[in-house]
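Next come the chains, spelled out residue by residue.
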Amino acid sequence: MLKEFRDFLIKGNVVDMAVGFIFGAAFATLIKSLVSNVIMPPIGLLLGRVDFSQLFISLDGNTYATMAELDKAGAPAIKYGLFVNDTISFVILGFVMFMFIKSYNKLKKEEVVVEAAPTTKVCSECAMEIPIAAKKCGHCGNTAV
(Lines give C-alpha, C1' and ligand atoms only; values in the text may rest on other atoms or scores of the structure.)
Protein backbone atom coordinates (compact mmCIF):
# COMPACT_ATOMS: atom_id res chain seq x y z
CA MET A 1 0.00 0.00 0.00
CA LEU A 2 2.86 2.40 0.79
CA LYS A 3 4.40 1.75 -2.62
CA GLU A 4 1.08 2.55 -4.31
CA PHE A 5 0.75 5.74 -2.25
CA ARG A 6 4.32 6.77 -3.15
CA ASP A 7 3.65 6.08 -6.82
CA PHE A 8 0.48 8.16 -6.62
CA LEU A 9 2.33 11.08 -5.04
CA ILE A 10 5.18 11.14 -7.54
CA LYS A 11 3.04 10.85 -10.64
CA GLY A 12 3.36 13.90 -12.87
CA ASN A 13 -0.29 14.92 -12.51
CA VAL A 14 -0.17 15.16 -8.71
CA VAL A 15 3.05 17.18 -8.75
CA ASP A 16 1.64 19.45 -11.46
CA MET A 17 -1.52 19.95 -9.42
CA ALA A 18 0.48 20.87 -6.29
CA VAL A 19 2.54 23.39 -8.25
CA GLY A 20 -0.71 24.78 -9.67
CA PHE A 21 -2.20 25.25 -6.20
CA ILE A 22 0.91 27.03 -4.93
CA PHE A 23 1.06 29.23 -8.02
CA GLY A 24 -2.69 29.92 -7.76
CA ALA A 25 -2.41 31.02 -4.12
CA ALA A 26 0.47 33.35 -4.95
CA PHE A 27 -1.41 34.71 -7.95
CA ALA A 28 -4.53 35.32 -5.85
CA THR A 29 -2.43 37.29 -3.35
CA LEU A 30 -1.04 39.36 -6.21
CA ILE A 31 -4.53 40.09 -7.56
CA LYS A 32 -5.78 41.02 -4.07
CA SER A 33 -2.88 43.45 -3.72
CA LEU A 34 -3.59 44.88 -7.18
CA VAL A 35 -7.21 45.53 -6.24
CA SER A 36 -6.52 46.92 -2.76
CA ASN A 37 -3.50 49.06 -3.64
CA VAL A 38 -3.91 50.04 -7.29
CA ILE A 39 -7.53 49.76 -8.45
CA MET A 40 -9.60 50.74 -5.41
CA PRO A 41 -7.75 53.98 -4.42
CA PRO A 42 -8.58 55.77 -7.71
CA ILE A 43 -12.16 54.47 -7.57
CA GLY A 44 -12.44 55.72 -3.98
CA LEU A 45 -10.99 59.09 -5.03
CA LEU A 46 -13.53 59.38 -7.85
CA LEU A 47 -16.34 58.60 -5.42
CA GLY A 48 -15.35 61.35 -2.99
CA ARG A 49 -12.30 59.98 -1.16
CA VAL A 50 -13.95 56.76 -0.03
CA ASP A 51 -11.68 54.04 1.38
CA PHE A 52 -13.65 50.88 0.68
CA SER A 53 -11.63 48.84 3.16
CA GLN A 54 -12.96 51.09 5.97
CA LEU A 55 -16.66 50.77 5.13
CA PHE A 56 -18.65 48.82 7.70
CA ILE A 57 -21.91 48.79 9.65
CA SER A 58 -21.49 48.24 13.37
CA LEU A 59 -24.06 45.81 14.77
CA ASP A 60 -23.69 46.70 18.46
CA GLY A 61 -25.27 50.17 18.11
CA ASN A 62 -22.03 52.06 18.81
CA THR A 63 -20.19 54.27 16.34
CA TYR A 64 -16.55 53.59 15.44
CA ALA A 65 -14.41 55.94 13.35
CA THR A 66 -12.17 53.28 11.86
CA MET A 67 -12.01 49.56 11.29
CA ALA A 68 -9.11 49.42 13.79
CA GLU A 69 -11.33 50.85 16.56
CA LEU A 70 -14.06 48.38 15.64
CA ASP A 71 -11.65 45.44 15.77
CA LYS A 72 -10.10 46.67 19.04
CA ALA A 73 -13.55 46.78 20.63
CA GLY A 74 -14.32 43.33 19.24
CA ALA A 75 -17.69 44.58 18.05
CA PRO A 76 -19.66 42.61 15.46
CA ALA A 77 -19.99 44.35 12.12
CA ILE A 78 -20.91 43.91 8.49
CA LYS A 79 -17.68 44.80 6.70
CA TYR A 80 -19.17 45.47 3.29
CA GLY A 81 -16.19 47.52 2.09
CA LEU A 82 -13.90 44.50 2.38
CA PHE A 83 -16.56 42.45 0.62
CA VAL A 84 -16.53 44.95 -2.30
CA ASN A 85 -12.72 44.65 -2.51
CA ASP A 86 -12.89 40.84 -2.41
CA THR A 87 -15.64 40.77 -5.05
CA ILE A 88 -13.57 42.90 -7.42
CA SER A 89 -10.54 40.66 -6.75
CA PHE A 90 -12.63 37.60 -7.55
CA VAL A 91 -13.91 39.05 -10.83
CA ILE A 92 -10.42 40.06 -11.95
CA LEU A 93 -8.95 36.70 -10.96
CA GLY A 94 -11.76 34.89 -12.76
CA PHE A 95 -11.23 36.95 -15.91
CA VAL A 96 -7.46 36.37 -15.87
CA MET A 97 -7.96 32.63 -15.37
CA PHE A 98 -10.53 32.58 -18.20
CA MET A 99 -8.04 34.29 -20.52
CA PHE A 100 -5.27 31.93 -19.42
CA ILE A 101 -7.35 28.81 -20.08
CA LYS A 102 -8.58 30.21 -23.38
CA SER A 103 -4.99 30.86 -24.50
CA TYR A 104 -3.88 27.45 -23.25
CA ASN A 105 -6.62 25.70 -25.23
CA LYS A 106 -5.58 27.56 -28.39
CA LEU A 107 -1.96 26.52 -27.94
CA LYS A 108 -2.79 22.95 -27.04
CA LYS A 109 -2.27 20.69 -29.99
CA GLU A 110 -5.29 18.74 -31.02
CA GLU A 111 -4.71 15.05 -30.77
CA VAL A 112 -5.02 13.33 -34.13
CA VAL A 113 -6.93 10.09 -33.89
CA VAL A 114 -5.71 7.61 -36.47
CA GLU A 115 -7.89 4.58 -36.86
CA ALA A 116 -5.97 1.37 -37.36
CA ALA A 117 -6.60 -0.59 -40.53
CA PRO A 118 -8.90 -3.56 -39.96
CA THR A 119 -7.10 -6.84 -39.31
CA THR A 120 -10.11 -9.14 -39.55
CA LYS A 121 -13.10 -9.73 -41.77
CA VAL A 122 -16.37 -11.61 -41.31
CA CYS A 123 -16.96 -14.95 -43.03
CA SER A 124 -19.95 -14.71 -45.35
CA GLU A 125 -21.04 -18.27 -44.47
CA CYS A 126 -20.74 -18.55 -40.65
CA ALA A 127 -20.36 -14.85 -39.65
CA MET A 128 -17.20 -15.54 -37.60
CA GLU A 129 -14.25 -13.17 -37.65
CA ILE A 130 -11.21 -14.40 -39.54
CA PRO A 131 -7.89 -12.77 -40.48
CA ILE A 132 -8.13 -10.45 -43.46
CA ALA A 133 -5.49 -12.44 -45.40
CA ALA A 134 -7.34 -15.77 -44.94
CA LYS A 135 -8.31 -17.62 -48.11
CA LYS A 136 -10.48 -20.12 -46.25
CA CYS A 137 -12.55 -19.79 -43.05
CA GLY A 138 -11.04 -21.79 -40.20
CA HIS A 139 -14.47 -22.23 -38.57
CA CYS A 140 -16.64 -23.55 -41.39
CA GLY A 141 -14.19 -24.25 -44.24
CA ASN A 142 -15.86 -21.74 -46.60
CA THR A 143 -13.53 -20.87 -49.46
CA ALA A 144 -15.64 -18.00 -50.81
CA VAL A 145 -14.49 -15.62 -48.04
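Our subject is the structure that appears above.
What counts, and where the lines are drawn
- Residues numbered from 1 in each chain as written.
- Predicted model: local features only at pLDDT ≥ 70, side-chain atom pairs only at ≥ 80, totals over all residues.
- Heavy atoms only, no water.
- 1 Å grid on protein atoms, 1.4 Å probe; cavity = no way out; pocket = protein on both sides within 12 Å on 5 of 7 lines; lining within 4 Å.
- Points joined across faces, edges and corners; volume = space filled by probe spheres on them.
- Helix = DSSP H or I, 4+ residues; strand = E, 2+ residues; numbered from the N terminus.
- Nonpolar A, V, L, I, M, F, W, Y, C, P; charged D, E, K, R; others polar.
- Phe/Tyr/Trp six-rings, centres within 6.5 Å; stacked < 30°, edge-to-face > 60°.
- Buried < 20%, exposed > 50% of the residue type's maximum accessible area, 1.4 Å probe, protein only.

**With respect to the layout of surface pockets**
Consideration 1: In this structure, the largest pocket spans a volume of roughly 190 Å³.
Consideration 2: What lines the largest pocket is simply Gly20, Phe23, Gly24, Phe27, Ala28, Leu93, Val96, Met97 and Phe100.
Consideration 3: Mapped onto the lining of the largest pocket, the elements with two or more residues apiece are α2 (12-46) and α4 (80-107).
Consideration 4: Counting residues per element, the lining of the largest pocket draws most heavily on α2, which supplies five residues.
Consideration 5: Residues of the lining of the largest pocket, tallied by class, amount to seven nonpolar, two polar and no charged.

**Some words on the packing of aromatic side chains**
Consideration 1: Evaluated as defined, the whole model comprises one aromatic pair.
Consideration 2: With centroids separated by 6.1 Å and ring planes inclined at 20°, the aromatic side chains of Phe23 and Phe27 adopt a geometry described as stacked. Separated by four residues within a single helix, Phe23 and Phe27 lie in helix α2, roughly one turn from each other.
Consideration 3: Owing to a relative accessible area of 59%, Phe23 belongs among the exposed residues under this scheme.

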